[in-house]
Each structure stands twice: as structure tokens, then as C-alpha cells.
Amino acid sequence: PELKEYPFINKDAAEKTEVEHVQAQEEGPVEHKVDTIAMYKNLGLEFYNDKQYESAVIEFKKVLNVDSTEKETQTLISKAYYHLGSQAQTLAELNTAIKNYKIALLYDSDCSQCKKGLAVVRKRKYKEVHYKAGMKYFDQQNLKQAILEWEMVKKVDPKYKKVAELLVKAQTIQKNIDMIKKSE
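Everything numeric here is computed off the predicted structure, so don't read it as measured data.

## Topic: the confidence of the model for the protein chain
So, point 1. Put simply, the protein chain has an average pLDDT of 88, and 84% of its residues get 70 or more.
So, point 2. Confidence drops under a pLDDT of 50 for residues 13–19, and excluding neighbours within four residues, the segment shows two contacts in the predicted structure.

## Side note on the layout of surface pockets
So, point 1. Of the pockets and cavities examined, the largest pocket occupies roughly 160 Å³.
So, point 2. Looking at the largest pocket, the residues that line it are Glu-54, Val-57, Tyr-81, Leu-84, Gln-87, Ala-88, Leu-91, Glu-93, Thr-96, Lys-99 and Asn-100.
So, point 3. The element that contributes the greatest number of residues to the lining of the largest pocket is helix H3 (residues 71–90), accounting for four residues.
So, point 4. Per-class residue counts for the lining of the largest pocket are five nonpolar, three polar and three charged.

## As for the state of the cysteines
So, point 1. In total, this model carries one disulfide according to the counting rule given.
So, point 2. For Cys-111, the disulfide goes to Cys-114, at an S-S distance of 2.2 Å. Judged by the sign of its S-S torsion, about 70°, the cystine formed by Cys-111 and Cys-114 is right-handed. Accessibility assignment for this pair places Cys-111 and Cys-114 in one class, buried.

## Focus on the nonpolar core
So, point 1. The biggest cluster of nonpolar side chains holds 23 residues, and the ones touching the most others in it are Tyr-48, Phe-60, Tyr-81, Tyr-101, Cys-114 and Val-121.
So, point 2. At the level of secondary structure, the elements contributing two or more residues to this core comprise helix H2 (53–66), H3, helix H4 (94–107) and helix H5 (112–139).
So, point 3. In this structure, Cys-114 is in contact with Ser-78, Tyr-82, Tyr-101, Ala-104 and Leu-105, ignoring residues within four places of it in sequence.
So, point 4. Core analysis: the next-biggest nonpolar cluster, separate from the first, contains 11 residues, Leu-143, Ala-146, Leu-166 and Leu-167 among them.

## Focus: the environment of Leu-166
So, point 1. Structurally, the position occupied by Leu-166 is in helix H7 (residues 163–183).
So, point 2. According to the relative accessible area criterion, Leu-166 is buried, its value standing at 14%.
So, point 3. With residues up to four places along the chain from it excluded, the contact list for Leu-166 reads Tyr-131, Met-135 and Trp-150.

## So, the packing of helix H6 (residues 143–156) against H7
So, point 1. Running from amino to carboxyl end, H6 crosses H7 at an angle of 150°, the nearest separation of the two axes being 9 Å. Relative to H7, the element H6 is oriented roughly antiparallel. Crossing handedness for the pair H6 and H7: left-handed. In contact with Leu-143, Lys-144, Ile-147, Trp-150, Glu-151, Val-153 and Lys-154 of H6, H7 contributes Val-163, Leu-166, Leu-167, Ala-170, Gln-171, Ile-173, Gln-174 and Ile-177.
So, point 2. Split into classes, the residues belonging to the contact of H6 with H7 amount to 10 nonpolar, two polar and three charged.

Definitions and limits used
Residues numbered from 1 in each chain as written. Predicted model: local features only at pLDDT ≥ 70, side-chain atom pairs only at ≥ 80, totals over all residues. Heavy atoms only, no water. pLDDT = per-residue confidence, 0-100. Contact = heavy atoms within 4.5 Å. 1 Å grid on protein atoms, 1.4 Å probe; cavity = no way out; pocket = protein on both sides within 12 Å on 5 of 7 lines; lining within 4 Å. Points joined across faces, edges and corners; volume = space filled by probe spheres on them. Helix = DSSP H or I, 4+ residues; strand = E, 2+ residues; numbered from the N terminus. Nonpolar A, V, L, I, M, F, W, Y, C, P; charged D, E, K, R; others polar. Disulfide = S-S within 2.5 Å. Buried < 20%, exposed > 50% of the residue type's maximum accessible area, 1.4 Å probe, protein only. Core = buried A, V, L, I, M, F, W, Y, C linked by side-chain atoms within 4.5 Å. Axes fitted to C-alpha atoms, helices over the stretch in contact; angles between N-to-C directions. Parallel < 35°, antiparallel > 145°, perpendicular 65-115°, else oblique. Left-handed = near helix turned anticlockwise from the far one by under 90°.

Here's what the structure looks like:
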């Protein structure tokens, strides 16, 4: 006697179950892909909302590994890198800030905040590099080079640190040295 209420014994039900299983396998990867994307994106958003931007980037990149065309995730990665750049800028880690702003722009080339942050950091880096170079030349008693470096800083930001004061000091010393050389 057949037990029709048990599908594994009912021949028609067994065939139907096998067909459904094959269909599920065919649909599975797409559904699995969507589930995987959602899982990584949601975890990334949790990290992002908790201001754990490095962890958020890791999860968002996993989304792009599954589907590289995910535009929303590209924007989220860009925003996370923007925040990493902003944090580095606040800590005066200028090279790190520049790197993060540039990466943010790779994911979203229209990110105006990223462009602005990058411009600000580059200007700050420019002033810092030339100010320090001026200090080095001044310590080496190479006044003409020190003056050139500090003039570059002063053109960009006349109130930067003590650049105006140091420039006057170096120019005065150089002028006195030149007068002594002429009188000899």
C-alpha cells in the first residue's frame, strides 16, 4: 500500500520536489548574491554610522567584489574615505589625509567635499614644507634660500606661524651681511 500523504513516498510528489530543488539551485546564486550584498552593505552601514570608517570600507569593498557595478556602495566607500581624510587632516597627518581624499575621488569623482578637503590639505602641506625648509636653510646660515622659502609661504598665507617675523629677521641679517661685504 502507498502512503500518499508522505511526499517522499508519493512518486509524483517526489518528482515535483526534485524539480523544485533544481529550480532553487538555478535561482540560488542570484538570491545568494543579493543576500550577500545586503549582508555586507548592512554591516558596512553599521560601521559607517558608528564612525568606524576603516571597517566600513572593508565591508563595502566586499560588496563590490560581488557586484562591482553597485553605484550606491561606491558612493558609500567614497564617503567613508572622505571621513578618513578629514580625521587625518584634524590630526595633522597630511599625507594620510591626501591619500584618503584621493581614494575617495576614485570612487566618486564628483565628491565636492573631497576636492575641497584635498585642496585645503595640499595648501597646508605646501606651507608646512616650505616653512620647514626655510628653517633648515636658516639654521645652515643659508639666508638667501631661507628668504625664498619663507616668501613662498608668505604669498600663500602671510599669517602662517611666525613667517613674517622670521622673514624680516633673515632679510635684516642678509642686508647687514651684504653691507659688510660691500664695505670691505
